[in-house]
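Inside the fold
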Amino acid sequence: MLVNFNEMLAKANKEQYAIAHFNINNLEWTKYILEQMNELNTPVILGVSEGAKKYMGGFYTVYQLVTGLMKDLDIKIPVCLHLDHGSSFEVCKEAIDAGFSSVMIDASRYPLAENMAITKQVVDYAHSKQVSVEAEVGHVGGTIDNLYGTMYQATLEDCLMLAKTGIDALAPALGSVHGLYRGEPNLNFERMQEIHNHLSIPLVLHGGTGIPMDMIQKAIRCGICKININTELQVTWHNVVSEFVKDHPNIYDPRKVIGSGEQAMKDKIKALVSAFTYASCSNKKEENNII
Ligand code: 13P
């Protein structure tokens, strides 16, 4: 059964580690992520962008795909199916009505009052169905679904205001960007810590790809407990598959071509999750079972 992210993020927030949000794009990726996370016995958030929804057919297809795989693969971990960057109340409602257990409303392109009004509308509808809600303030920027946006940072005041809508998690833009970084990422840890000191709700780091592990771990110490990863799995998969195609020009079975990236993706997932889990954990005795 799908769950919303409240319980998994509350635990992560309290114990200072991060839950991985991996974007899914197709059957194979969903299967690899579920299998690997189940093996690690660690909860996961599967993020679906509007572009991925369109690619896969629609929210209902995605819901059926994920729940079908969970049943067929006997997945035992908590799985949250989450709309990533929902652009309007209507899109969030469509995802919720199709069975998603969580949504992100991203009205960060609007002035704060409008962002708050749209977010509140989503919160009211989502909470009536036990669906969790994430919202963004400031603007993460970079490239997602081939759309480019300019980054600007969230202020503490904006975060406190947006939190009043009753959201379950907040994504404050603090220097991270979607897609590949040009140069070293420059995260505003000071403000992250300040927001965390004033707000008890879980904080989300978007644009997790390419952020060095020491920065990821510092972000977790500053209150981040959900980290979104999309491009990193794409690059990992693409590097291996393009080599495979070059080396095997006569293999055209899509199961073999697509599947040639499976192990590399699983290895990458394992490495990321272990960094998120043990980040800042030098004084913790727990094993890798964080359920
Ligand atoms: P990356 O593509 O940079 O990993 O960002 C993913 C993300 O933040 C999805 O919301």
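From a predicted model like this one, the values you see are computed outputs, not experimental measurements.

1. Topic: the overall build of the protein chain
Helix and strand content of the protein chain: 12 helices and 10 strands. In terms of overall size, the protein chain behaves like a compact globule, its C-alpha atoms giving a radius of gyration of 18 Å where 291 residues would be expected to give roughly 19 Å. The dimensions of the protein chain, computed from C-alpha atoms along their principal axes, are 60 × 40 × 35 Å. Residues classed as buried in the protein chain amount to 55% of the 291 residues present. Taking the intrachain contacts of the protein chain between residues at least 6 apart in sequence as the baseline, contacts between residues at least 24 apart amount to 70%. A distance of 2 Å separates the average location of the 25 positive side-chain charges in the protein chain from that of its 33 negative side-chain charges.

2. Things to note about the nonpolar core
Core analysis: the largest hydrophobic core is formed by 81 residues, its most contacted members being Phe22, Val79 and Leu170. Those residues in contact with Phe22 that lie beyond four places of it in its chain are Ile33, Met37, Val44, Ile45, Leu46, Gly47, Ile229, Leu233, Ile269, Leu272 and Val273. Core analysis: the next-biggest nonpolar cluster, separate from the first, contains 12 residues, Phe5, Ile19, Ala169 and Val204 among them.

3. Observations regarding the pairing of strand 4 (residues 102–105)
Residues Ser102 and Met104 point to one face of strand 4 and Val103 and Ile105 to the other, with burial holding for every one of them. In this sheet, strand 5 (residues 132–137) lies alongside strand 4 in parallel orientation, the contact comprising 4 bridges. Within strand 5, the position partnered with Met104 by the bridge is Glu134. Between the parallel elements strand 4 and strand 5, the chain passes through helix 6 (residues 112–127) in a crossover that is right-handed.

4. Brief notes about the pairing of strand 1 (residues 19–23)
Among the 5 residues that make up strand 1, 5 are buried, leaving the element largely enclosed by the rest of the structure. Residues Ile19, His21 and Asn23 of strand 1 are buried on one face, and the alternating residues Ala20 and Phe22, pointing to the opposite face, are buried as well. Direction of pairing for strand 1 relative to strand 10 (residues 224–229): parallel, over a ladder of 4 bridges. Opposite Ala20, over in strand 10, you have Ile227 as the bridge partner. Bridging between strand 1 and strand 2 (residues 44–48) involves 3 bridges; their strand directions are parallel. The residue bridging Phe22 from the neighbouring strand is Leu46, located in strand 2. Handedness of the crossover is the feature at issue here: the chain leaves strand 1, passes through helix 2 (residues 27–40), returns alongside strand 2, and the resulting connection is right-handed.

Here is what the cut-offs are and how they apply
- Per chain, residues are indexed from 1 in the order of the written sequence.
- Only residues with pLDDT of at least 70 are given local features in this predicted model, and only at 80 or more are side-chain atom pairs given and counted; all residues enter the totals for whole chains, interfaces and linings.
- Here the side-chain values reflect all heavy atoms present in the structure, with hydrogen atoms and water set aside.
- A run of DSSP states H or I qualifies as a helix once it reaches four residues; a run of E qualifies as a strand once it reaches two. Both are numbered from the N-terminal end.
- Computation of the radius of gyration draws on C-alpha atoms, with the globule rule given as 2.2 Å multiplied by the number of residues to the power 0.38.
- Throughout this description, buried means an accessible area under 20% of the type-specific maximum (1.4 Å probe, protein chains only), exposed means over 50%, and partly exposed covers the range between.
- For this analysis, residues touch if any pair of their heavy atoms sits within 4.5 Å.
- Here Asp and Glu are counted as negative and Lys and Arg as positive; His is not counted, and neither are the chain ends.
- All charge positions are set by atom: Lys at NZ, Arg at CZ, Asp at CG, Glu at CD.
- Joining through side-chain atoms within 4.5 Å is the link that ties buried Ala, Val, Leu, Ile, Met, Phe, Trp, Tyr and Cys residues into a set, and such a set is a nonpolar core.
- At least two DSSP bridges between two strands are needed for those strands to be called paired.
- Seen with its strands pointing away from the viewer, a crossover is right-handed if its path from the first strand over the helix to the second goes clockwise.

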